[in-house]
Every structure is written in C-alpha cells, then in structure tokens.
Amino acid sequence: MSIESFFQTLVFGLFVGGIYGIAAMGLALVFGVLKMLNIAHGELVMLGGYVSFWVFQAYGMDPFVSLAIVIPTLFLLGLALDRAVYRHIIRLHGEEKIKNSLLVSFGLTLVLQNLAQWLFTADERSIQVSYAGDGLNLMGVTMPYTRLGSLLIALLVTLALNYFLHRTYPGKAILATAEDFEAAELAGININRVYMMTFALGAALASIAGTFVTVTYGLTPSIGVIWTLKALIVIVLAGTGSILGAFPAGILLGVVEALSGAFIDATYRETIGLVIFLLVLILRPQGLFVRSG
Amino acid sequence: MAKFLDIHHLNASYGDLPALWDISLHVNEGEIVALIGPNGAGKTTLLRTIAGLHATASGSVQLGDTPLHARPAYQIVEQGVILVPEGRKLFGGLTVLDNLELGAYTKRAREARFKTLRHVFELFPILAERQKLPANTMSGGQQQMLAIGRALMGLPRLLMLDEPSLGLAPLIVQDIFEIIKLMNERGVTIFLVEQNARQALELAHRAYILEQGKVVGTGTGRELLHNNEVRQAYLGFAPVTG
C-alpha cells in the first residue's frame, strides 16, 4: 500500500470517527446522567437525518445551515420523549430500572423505525449538495468538503459541550446530577428538569450525527440499530463515566475500523470494532478515557 | 421565641415498614437542637423527610408559615432549609470550587455567592487552598468541611447536619463543632443528628431522643446530660446498682 493511500484511509477514518464521536457523546450523556441505556438513541440519529433531508428537499437548504433547524427540532422531540416515556423510568431503582429502560427503549426503537418507514418509505435517501464531489487535495490525500465540514462541526460541538458542562451553572448541574442525584437535589437543583434537558441534549447531539450521515453516506429507516451499536462500543472504549471522552474514543474507533478494513480485509472492519470492544471490557473495563469527562 | 421548624404528627415509612411514628417536635429560631438515639432509630430518615428526599406519609412539616412537606427537595432548599447529609455526598469528581458553587445553585444564594464564598474560605482556609482539586482527593475531615461549606453557600436559615463527626479524628470533630457553634452565633438555626451524644448535648440548647421511630424524651442539653437513663444509654455510664 502506498503512503498516499495509507493517509487517505487514515483521514477517512478520522471523518467517520467524528460522526461516531458526536453520536456517542449523546448516548454517554444520557447514560451518565439518567443512568439508563437508551437503545433508541440510533433512531434519534435516523430521525435527525430525515429532518435534514426533508428540509433540503423542500427548501434546498444546505445541510450545514439547516442544523439550525434540525438541532432544535430533535431537542424538542427529546423533551417530548422524556415527558411521555423516560420520566416514568428514571425514578425506578436497581433491577427494575435496568429492565424497564431496556424494554421501553427497545420498544421505542421499533415504533420509531416503523413510523419512519411509514412516513418516509424504506427508500435510501441522501443529500447531494452542489459541492458534493469537491474537496481539498493535500499531497495526494483527498478531503471532501462535506466530510471536512462534518468533522469541523463535530469538533466545535465537542468544545462547546465541554464549555457548557464545565463553565456554566446549568452544565455543572448536569455533571452534579450525574455524580450524585440526591446531593444535587440538596444543592437546590431541580433534577427532573436536569433529566429532561439532558435527554433533549442527547437527542440534539444525535441529530447532528444524523445530518452528517445523510450528507456523507445514506439514510434508511433501519440505520438506527447500527448507530446505537457504534455509540455503545464508543462509550465502552471511553469509559462509561466519561461524556467528553466519547469524542476521542469515537475518532479512535473510526480510524481503527478504516485501517483494519484496508490492511486486513474490508469485510472485517466491523468485526475489529467489536473485538476491541471485548478487549477493552476484559482488560480495561473502566475505559480508555476515564475522568476526562 | 417563635417556633421556626415545626413538625406535627409526622409519619413516614419504607414501603410497608413504618420508620417514623407520630413525630412532633420543633426548633426555635436561633437554637441548636440535637437529635440523639441509637442506630436505626430513624434519625437520618427524619432529616431526609424534612429535606424532601423521603416521602411524608402523614403529618406536617412547617417552616414559619410555609408548609415544607409534599414539596420537592429543591424547593425546600429555596426556603433556606439545607441538609448536610450523612456520608457527605460530595460531587467527588468535581473540584472543590465547583462543589461550593453548586451549593449556591438557588437564585437567592447565587446572587450573593461571591460574598458567601469569601466567608466560607475564611471559615475553612483549607478549602481556598484546595479549590482547584477534585473533592475526592481530600481527607475525610476536609471533605466534611467542604460538605458544610457547600451547605453554607446555600445561605441556610436552618442548617441540618447528619452525623458530622462520623469517622473523623477527635481533634477534627472539635473543629467541626466549633464551626457549628460559630454558625449558630451568626444567626443560623441548627438541627443536629449525632451519635456522639455527649458532644452534641454539650453544644445543644435542647435535644430530643429518638428510639424506634418515636420521640421518647426531650429536655435541655444540660438536663439530658445529667439524666440517669440518658447517661446509661448514650453516655457510657454504668447503671447505678444497689
């Protein structure tokens, strides 16, 4: 393999990894604060993709611009889902909470998937912007603008989330609730509100990932499962307590998948991700990037 | 003196198991009131119920004219009733300063937080020194100071402390009790739960004794220190024989 194609593979791994990272941060946030695994997270990625697609279809709005519509839309959907569904599970304890959250979010996965199929049909959709084929060429390595833009925004969003969580009162209230919800209540924090905002924020992050998927790959109602799985692998890599650590972990997974696809065999790229997942669980169950979130 | 915290016929339970039976007690404004009793008597449950972490089955909790029962915990904090919980419950991964700032989360406390922070740093200089470090890197005594400091950041009118001396070295316990006394002199009403009955009774103006979820005795700190039953049960004196 030539040095160019090595770097080309690496760069594409970075691009995919940025999307993994954004999707996983949303899942990690909800997991860390609400203490439940939202299996329907991938479906929020999918729905975000569809909102972006239809705004593009209807108004020709550039997907990077229409994030200003997509993000609030999924944020509101997140608020509604918390109110209607998740709020009733959060206050359960122990085994009851684990079982109910898995069952309910799995059920929601099926509902949202079928709803999307009914509304949008099973046809594969994607956004073809006018500059879809263009890109930077750095010493033989191609970087399409769509992917470069996605990675850049992913990075900015991560920095913004870092600032929000560590430097603002509402952000610190989220971290405090993640650490100890009773202590948060005793500090005067309305934790039901924190849960609701956190879930909505998770949905908003999912919608950003969904937009990038629609711009760079393609969209069908059934992509959600894959994205939940990827995000789950990433948060295990990052360490389940680490919210922001999910971003570097996502990049890592993207790069490892891309390189193993190129060097071993394209059919094994998914397998390698799962092998790493198992190795981390066995050898370093606390995760690779703990305490960075 | 006006009744400040007023608890009337309060009942609470864990599922079907009653934990508090018909509790009536009060704390006057400006007082230090201690609650002593054996393990499992319901002392912690009582504080958690007042703070809104545990549901009231029946009865009432009033602060002045404001009913506190059936309110969520954060609204009780807004009324100035603040609990330093058993085991401290710090935000261990966050810095000392973050912990203190979160203590001033309510609107009322947030507006005054820079001024309050200076006071807290005066009381506990060690917290100023360690402000950038994660809370869980500090010693037990320092963590207790942070827990109290965090509560003070909320501008308490009634400060409730659950076993503040638990697991601490005697010298540090002295410090903590000094601080509690000082806070009281500055106008904070104190409701204190303690295993360390002698120190609690020496400090408190009045005290209640809780056994098996019921109030079984009350008196001034001095009266209880000299009461024979209390001396035998809680202060380690041998029964008088013959």
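The rules behind the values
- Residues numbered from 1 in each chain as written.
- Chains lettered and ligands numbered in written order.
- Predicted model: local features only at pLDDT ≥ 70, side-chain atom pairs only at ≥ 80, totals over all residues.
- Buried ≥ 20, exposed ≤ 12 C-beta atoms within 10 Å, placed from the backbone.
- Helix = DSSP H or I, 4+ residues; strand = E, 2+ residues; numbered from the N terminus.
- Pairing = 2+ DSSP bridges.
- Domains from an automatic or database assignment.
- Nonpolar A, V, L, I, M, F, W, Y, C, P; charged D, E, K, R; others polar.
- Expected span 1.5 Å × (residues − 1).
- Contact = placed C-beta atoms within 7 Å.
- Axes fitted to C-alpha atoms, helices over the stretch in contact; angles between N-to-C directions.

Visitor: Explain the pairing of strand S6 (residues 81-84) of chain B to me, please; I cannot follow it from the model alone.
Guide: As a general feature of sheets, a regular strand has side chains that alternate between the two faces. Residue and element names in this part refer to chain B. Burial along S6 is two-sided: Val81 and Leu83 facing one way and Ile82 and Val84 facing the other are all buried. Here S6 pairs with strand S7 (residues 158-162) via 4 bridges, running parallel. Paired with Ile82 across the strands is Leu159, a residue of S7.

Visitor: How do you make sense of the domain arrangement of chain B when you look at a structure like this?
Guide: Many authors give the size of an interface as the accessible area that is lost as the parts come together. Residue and element names in this part refer to chain B. Segmentation of chain B into domains returns domain 1 (1-80 + 156-242) and domain 2 (89-154). The gap between the C-alpha centroids of domain 1 and domain 2 is 24 Å. Elements with a minimum of two residues in the side of domain 1 that touches domain 2: helix H2 (73-78) and helix H8 (170-185). Considering only residue class, the side of domain 1 that touches domain 2 consists of 9 nonpolar, 1 polar and 1 charged.

Visitor: I tried to follow helix H10 (residues 246-263) of chain A on my own but got confused; where do I start?
Guide: For an α-helix, 3.6 residues make a turn, and residues three or four places apart therefore share a direction. Residues and elements named next belong to chain A. Compared with an ideal rise of 1.5 Å per residue, which puts 18 residues at 26 Å, H10 spans 25 Å between its outermost C-alpha atoms and is within 8% of the ideal. Every buried residue belonging to H10 is among Ala246, Phe247, Ala249, Gly250, Ile251, Leu252, Leu253, Gly254, Glu257, Ala258 and Ser260, and all of these are buried. Elements that come into contact with the buried residues of H10 comprise helix H1 (3-34), helix H5 (145-167), helix H9 (224-238) and helix H11 (269-283).

Visitor: Explain the pairing of strand S1 (residues 135-138) of chain A here, please?
Guide: All names here are of chain A. Alignment of S1 against strand S2 (residues 141-144), held across 4 bridges, turns out to be antiparallel. Bridge pairing in S2 links Leu138 to Val141. Turn length for the S1-S2 hairpin, with the two strands adjacent in sequence and antiparallel, is 2 residues, and the turn residue Met139 shows positive phi of about 50°.

Visitor: What am I meant to see in the environment of Gln79(B) here?
Guide: Positionally, Gln79(B) belongs in the loop between H2 and S6. Between the C-alpha atom of Gln79(B) and that of Pro156(B), which follows or precedes it by 77 residues, the distance is 8.3 Å.

Visitor: Any chance you could explain the sheet that holds strand S4 (residues 58-63) of chain B here in plain terms?
Guide: Residues and elements named next belong to chain B. Sheet architecture is open: 4 strands sit in the order S2-S1-S4-S5, paired in antiparallel fashion. Every other strand in the sheet has two partners, leaving strand S2 (17-28) and strand S5 (66-67) as the edge strands with one partner each. Strand direction decides the pairing type here: S4 and S5, joined by 2 bridges, are antiparallel. Opposite Gln62, over in S5, you have Pro67 as the bridge partner.

Visitor: Please clarify how the sheet that holds strand S3 (residues 32-36) of chain B should be interpreted in this entry.
Guide: Strand pairing in a sheet relies on backbone hydrogen bonds. The paired strands run either parallel or antiparallel. Residues and elements named next belong to chain B. Sheet architecture is open: 6 strands sit in the order S6-S7-S8-S3-S9-S10, paired in mixed fashion. Each edge of the open sheet carries a strand with a single partner, namely S6 and strand S10 (214-220). Averaged over neighbouring strand pairs, the angle between their axes works out to 15° when direction is ignored.

Visitor: So what exactly am I meant to see when it comes to helix H6 (residues 169-179) of chain A here?
Guide: Most of H6(A) is tucked away, with 8 of its 11 residues classed as buried. All of the buried residues along H6(A) are Lys172(A), Ala173(A), Ile174(A), Leu175(A), Ala176(A), Thr177(A), Ala178(A) and Glu179(A). As for H6(A), its buried residues are in contact with H1, H5, helix H7 (181-186) and helix H8 (191-216) of chain A together with helix H3 (96-103) of chain B.

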